[in-house]
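A look at the structure
Spelled out from the first residue to the last, the chains are:
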Amino acid sequence: MAAITAAMVKELRETSGAGMMDCKKALAETDGNMEAALDILKKNGQAKADKKANRIAAEGVCRIAIEDNKKAAVVEVNSETDFVAKNEKFTSYVERVAEQALKSNSADMDAFMAEQWVDDASKTVKDSLVEMIAVIGEKLSIRRFDKLEGDAVVGYLHGAGRIGVLVSADTATVNDAVLEALRNVAMQIAAMNPQYLSDADISDEEKAKMREITIDSALNDPASLPKPLLQKLIDKAIADKKWSDEDIAVYEEKKSNMNYLFNFLSKEAAQTLAELALADKDAIVADKIFAGLVNGRISKQEKEVVLLNQVYVKAEDGKQTVAQYLAQVGKENGTTVSVKKFIRFETGEGMEKKNEDFAAEVAAQMNA
């Protein structure tokens, strides 16, 4: 049997990225044959990946690759633990995945995983992931990627890559001021998480759903109703003997200041008013005062979820919207700056996260 030297182990580690003991064992099994040992490590890597396939990987990072501020890609790669998400080998790998995505023509993850790996044409993206799983020792998952192109494209990473944002814009002028403005908008998107670019992006169905939820929410919270409507509900509750004598007495005592009435009424009395409001929903919805309340609340919601309607987070007057900010930047630079699209990835969003009890895990291992 050939002697396995430290230099051989070092060479195999540098080639494969696998752990020292794994490399030493592979070399021993192949009598020092470097290529055969590398094949064993690759097979073991796939085996490790298969064993970890059912584990939850909901941590990780996002990374961005940009080409000439005209084209960009954002990727999310997940790990099982936050510790690995901060590992330099892992984050460097995710950066290479972002470069892969930037050059990719794939329309879905299956095609993307089958592509030739950007750093080694003899491997696929999936092969590179399997090898990284062997190195890191956790389940890893390339979850998603997306790309943008435009006259001007910028990216922004927040929280060490917990959130990744791309923004593309139509503009005739691409200078430092315009790019800085778009980065500020990307920061806005990271912080405020808008759901739509403009009002036009909200479908009629979504607007109808928003209105219905707003109406039902208002009816279920009678204290927030316009006073004329609230008074009608109270009068009905008393006339139909829906309230207890105690609540009627409280109302008679506190009715001079209706703002504080619900601090003294019972929960049952408030619930009765909500039930009466819902029962008379059609008539209340037709009321002009109530319609104004609903429209005002919907307008407020749209300002929160529509990017261009949001108050710009750096607005000096606290009122300037994102649309107004971009118009100002465009005017100052003799152009127009119109956001065309944005993409926001947040690591692990929509995924189940594993609740780790490390003390219990260690105890279980000791008792095994």
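Structural notes, computed from the coordinates. Quantities reported herein were computed from a predicted structural model and do not represent experimental measurements. (Residues numbered from 1 in each chain as written. Predicted model: local features only at pLDDT ≥ 70, side-chain atom pairs only at ≥ 80, totals over all residues. Heavy atoms only, no water.)

**Some details on the sheet that holds strand β5 (residues 141-149)**
The strand order β1-β2-β5 describes an open sheet built from three strands, whose pairing is antiparallel. Sheet topology places β1 (61-67) and β5 at the edges, where each strand pairs with a single neighbour. For this sheet the average axis-to-axis angle between neighbouring strands, irrespective of direction, equals 15°. In this sheet, β5 lies alongside strand β2 (residues 71-78) in antiparallel orientation, the contact comprising eight bridges. Paired with Ala 72 across the bridge in β5 is Leu 148. (Pairing = 2+ DSSP bridges. Helix = DSSP H or I, 4+ residues; strand = E, 2+ residues; numbered from the N terminus. Axes fitted to C-alpha atoms, helices over the stretch in contact; angles between N-to-C directions.)

**Regarding the packing of helix α10 (residues 227-239) against helix α12 (residues 267-279)**
Relative orientation of the contacting elements α10 and α12 amounts to 110°, with a least axis distance of 10 Å. Here α12 runs roughly perpendicular to α10, going by the angle between their axes. Residue-level inspection shows Leu 230, Leu 233, Ile 234, Lys 236 and Ala 237 of α10 in contact with α12, the latter providing Leu 273, Leu 276 and Ala 277. Tallied by class, residues from the contact of α10 with α12 come to seven nonpolar, no polar and one charged. (Parallel < 35°, antiparallel > 145°, perpendicular 65-115°, else oblique. Contact = heavy atoms within 4.5 Å. Nonpolar A, V, L, I, M, F, W, Y, C, P; charged D, E, K, R; others polar.)

**Details of the environment of Ala 101**
Mapped onto the elements of the fold, Ala 101 is located in helix α5 (residues 88-103). Given the relative accessible area of 0%, Ala 101 is considered buried. Sequence separation between Ala 101 and Ala 72 is 29 residues, and the spatial gap between their C-alpha atoms is 8.8 Å. Excluding residues within four positions of it along the chain, Ala 101 makes contact with Ala 73, Val 75, Phe 112, Phe 145 and Lys 147. (Buried < 20%, exposed > 50% of the residue type's maximum accessible area, 1.4 Å probe, protein only.)

**Quick look at the environment of Thr 91**
You can see Thr 91 is positioned in helix α5. Along the chain, Thr 91 and Val 77 lie 14 residues apart, while their C-alpha atoms are 9.1 Å from each other. Excluding anything up to four places from it in sequence, Thr 91 contacts Val 61, Arg 63 and Ala 85.

**Focus on helix α7 (residues 125-136)**
Counted at 1.5 Å a residue, the expected span for α7 with its 12 residues is 16 Å, and the 16 Å between its end C-alpha atoms agrees. Counted residue by residue, α7 has nine buried out of 12 residues, so it is predominantly covered. Within the sequence span of α7, burial applies to Val 125, Ser 128, Leu 129, Val 130, Glu 131, Met 132, Ile 133, Ala 134 and Ile 136. Note on α7: the residue one or two positions beyond its end, Gly 137, has a positive phi of about 85°. (Expected span 1.5 Å × (residues − 1).)

**Observations concerning the environment of Val 84**
In this structure, Val 84 sits in helix α4 (residues 82-85). Judged by relative accessible area, Val 84 falls into the buried class, the value being 6%. Here the alpha-carbon distance between Val 84 and Val 61, two residues 23 residues apart in the chain, equals 9.8 Å. Sequence-distant contacts of Val 84, defined by excluding residues within four places in its chain, comprise Ser 79, Phe 90, Ile 136, Glu 138 and Leu 140.

**What about the packing of aromatic side chains?**
As enumerated under the stated definition, the model contains four aromatic pairs in all. Ring plane angle 65° and centroid distance 6.3 Å describe the contact between Trp 243 and Tyr 251, whose orientation is recorded as edge-to-face. Here Arg 144 stacks its cationic end above the ring of Phe 345, 4.0 Å away from the centre of that ring. Looking at Lys 254, its charged tip hangs above the ring of Phe 264, at a distance of 4.1 Å from the centre. (Phe/Tyr/Trp six-rings, centres within 6.5 Å; stacked < 30°, edge-to-face > 60°. Lys NZ or Arg CZ within 6 Å of the ring centre and 35° of its normal.)

**Structural notes on the pattern of salt bridges**
This structure, assessed with the given rule, holds 16 salt bridges. The salt bridge involving Lys 281 is made with Asp 216; its shortest N-O contact spans 2.9 Å. With Lys 281 in helix α13 (residues 281-285) and Asp 216 in helix α9 (residues 204-219), this residue pair connects regions lying 65 residues apart in the sequence. On the basis of relative accessible area, Lys 281 is assigned to the partly exposed category, the value being 21%. Glu 346 serves as the salt-bridge partner of Arg 344, at 3.0 Å between the closest nitrogen and oxygen. Judged by its relative accessible area of 14%, Arg 344 is buried. A cluster of three or more residues bridged by salt bridges with shared partners is formed by Glu 76, Arg 143, Arg 144 and Glu 349. (Salt bridge = Lys/Arg side-chain N within 4 Å of Asp/Glu carboxyl O.)

**Remarks on the sheet that holds strand β8 (residues 338-346)**
The three strands lie next to each other as β6-β7-β8, forming an open sheet whose pairing is antiparallel. For this open sheet the edge positions go to β6 (152-158) and β8, each flanked by a neighbour on one side alone. Across this sheet, the average inter-strand angle for adjacent strands is 15°, counted without regard to direction. Taken together, the seven bridges between β6 and strand β7 (residues 163-170) define a ladder with antiparallel strand orientation. Looking across to β7, one finds that Ala 152 is bridged to Ala 169. Running over the sheet, helix α8 (residues 176-192) touches β6, β7 and β8 and is turned about 45° from β6.

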